[in-house]
Amino acid sequence: MTIRDKRGTVRYRSYGLSTLRTNLILSLSANLETAIGEALSALPPSQWISAARSLSEQYRAERGPVPRAMAQGHAAALGYAAMILPAAYAQLSGAMSEVAERVPDWTPASMLDIGSGPGTALWAAVDRWPSLQSLTAWEREPAFIALGRQLARASDNPAIVQARWAQVTLGGAFPRQEGRYDLVVLGHVLNELSGSVQREVVSFAWAHCDGVLLIVEPGTSAAFPNVRDAREQLLELGAKTLAPCAHDAPCPLADDWCHFPQKLHRPVYQRRAKEGSAGWEESKFSYAAMARFAPDEAIWGRLIHQPHASKIGVQLTVSSREGIVKPRVSKRNRELYKRLGDLRWGDALADALPVEQP
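Participant: What exactly am I supposed to notice about the packing of helix α8 (residues 195-207) against helix α9 (residues 224-236) here?
Facilitator: Between two packed helices, the angle of one axis relative to the other and the distance separating the axes together describe the packing. For the pair α8 and α9, the least separation of the axes is 10 Å and the interaxial angle reads 50°. One way to sum up the angle between α8 and α9 is to call them oblique. Judged by the twist between their axes, the crossing of α8 over α9 is right-handed. Facing α8, whose interface residues are Gln198, Arg199, Val202, Ser203 and Trp206, α9 presents Asn226, Ala230, Gln233, Leu234 and Glu236. A class-by-class count of the residues in the contact of α8 with α9 yields 4 nonpolar, 4 polar and 2 charged.

Dropping the structure here:
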């Protein structure tokens, strides 16, 4: 994974603040970006652009009572790779970065990606954790499996090239699985399943997880309840919360949803499909990272909105161990106000901040 920021990844602890910079701009792996471009060249541009725009409209539309697959067939798979995959990669990478921040010494060796699509999470995971050696991808659509294998051949990572693919329909009979995995990923899966199947899939994923179960969905008010419900189910099964929450209590949000931004450099074909000239986009995601173990260090809270600055100071919205709190720091408190100037949406706070009265 390429991070284009002259300062690089910055971690610091000062005034009780511990944070990983979340405003870095990611790029797709160079091999993956090139491989997608080559795959798209097999179709006339008009076909994959049309498929990409149709998919985009479907993803933005309100979901019906019976969830269904968004992409079926070769043209749709290529349209997905051009339009949706870069954003999904950004969301998965953003969530994985937060897991790595909470457990920096964790070195997973095996991974199961349930509902893999063309393998987006596989690429994001090996970029984040080079320790991964064994990858297994489950996907329902044959066109996605074929594209995933095609893209994998362009990788210089043996784990990607040798990934094991299986055609699996969630809600049907799961393959016989005797093994367990250090990392299990459910990326952009739950929002395509009914409630009962969601619970079944989450239970199965946890039963076969030896380390971290990562759930990632688009950062929308419609998708967030699926993440929240899965987290609560996993807490009942004994899981520990790594991120984003600072606690193992039920979600304290009401009339709001928890989501975070990740910037991504747009590949040329994505800009073409979107008819956009901007070189980057901000992709928002909701996630829950649940584990068999507790994080290395406790945190007090996490910023769940961009800090709001005004003429008199700055106000933060934090999901903390005490619930949703809104610390307000005035410009009169010059030292703390200056320290808070670098905080970004999604940052973790090690210690509580003073709450000033308006």
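Participant: How should the pairing of strand β9 (residues 209-218) be read in this particular structure?
Facilitator: Regular strands place their side chains on alternate faces of the sheet. Taken across its 10 residues, β9 has 9 buried, putting it largely inside the fold. For strand β8 (residues 181-187) and β9, the ladder comprises 6 bridges, and the chain directions are parallel. Each bridged residue has a counterpart across the sheet, and for Gly187 the counterpart in β9 is Val216. Where the polypeptide runs from β8 across α8 and back to β9, its parallel neighbour, the crossover connection is right-handed. Sheet topology places β9 next to strand β12 (residues 280-291); 7 bridges connect them, and they run antiparallel. In the strand pairing of β12, Glu217 is matched with Ser286.

Participant: Honestly, the sheet that holds strand β18 (residues 328-330) in this entry has me stumped. Any pointers?
Facilitator: Backbone-to-backbone hydrogen bonds pair the strands of a sheet. The strands run either parallel or antiparallel. Read across the sheet, 3 strands follow the order β14-β15-β18 without closing on themselves; strand pairing throughout is antiparallel. Two strands close off the open sheet at either side, each with one partner strand: β14 (308-309) and β18. In this sheet, strand β15 (residues 313-315) lies alongside β14 in antiparallel orientation, the contact comprising 2 bridges. Pairing of Ala309 across the sheet is with Val314, part of β15.

Participant: I tried to follow the packing of aromatic side chains on my own but got confused; where do I start?
Facilitator: When we look at a pair of aromatic rings, we describe it by the centre distance and by the angle of the planes. Tallying each qualifying case throughout the model produces 7 aromatic pairs. Taken together, a centroid distance of 5.1 Å and an interplanar angle of 75° make the contact between Tyr80 and Phe144 edge-to-face. A residue pair is termed long-range when its members are at least 10 positions apart, and Tyr80 in helix α3 (residues 74-83) and Phe144 in helix α6 (residues 142-152) qualify at 64 residues. Neither residue differs from the other here; Tyr80 and Phe144 are each classed as buried. Between Phe285 and Tyr287, the aromatic rings sit 5.5 Å apart at their centres with planes inclined by 45°, giving tilted as the arrangement. Take Phe285 and Tyr287: they sit in the same class, and that class is buried. These aromatic residues form a ring-pair network of at least three members: Trp106, Trp129 and Phe293. In this arrangement the basic side chain of Lys263 is found over the ring face of Trp280, its NZ or CZ atom lying 4.7 Å from the centre. The ring of Trp206 is capped by Arg292, whose NZ or CZ atom sits 3.8 Å from the centre of that ring.

About the criteria used
Residues numbered from 1 in each chain as written. Predicted model: local features only at pLDDT ≥ 70, side-chain atom pairs only at ≥ 80, totals over all residues. Heavy atoms only, no water. Axes fitted to C-alpha atoms, helices over the stretch in contact; angles between N-to-C directions. Helix = DSSP H or I, 4+ residues; strand = E, 2+ residues; numbered from the N terminus. Parallel < 35°, antiparallel > 145°, perpendicular 65-115°, else oblique. Left-handed = near helix turned anticlockwise from the far one by under 90°. Contact = heavy atoms within 4.5 Å. Nonpolar A, V, L, I, M, F, W, Y, C, P; charged D, E, K, R; others polar. Buried < 20%, exposed > 50% of the residue type's maximum accessible area, 1.4 Å probe, protein only. Pairing = 2+ DSSP bridges. Right-handed = clockwise from strand over helix to strand, strands pointing away. Phe/Tyr/Trp six-rings, centres within 6.5 Å; stacked < 30°, edge-to-face > 60°. Lys NZ or Arg CZ within 6 Å of the ring centre and 35° of its normal.

Functional significance is not addressed by these values, which are geometric in nature.
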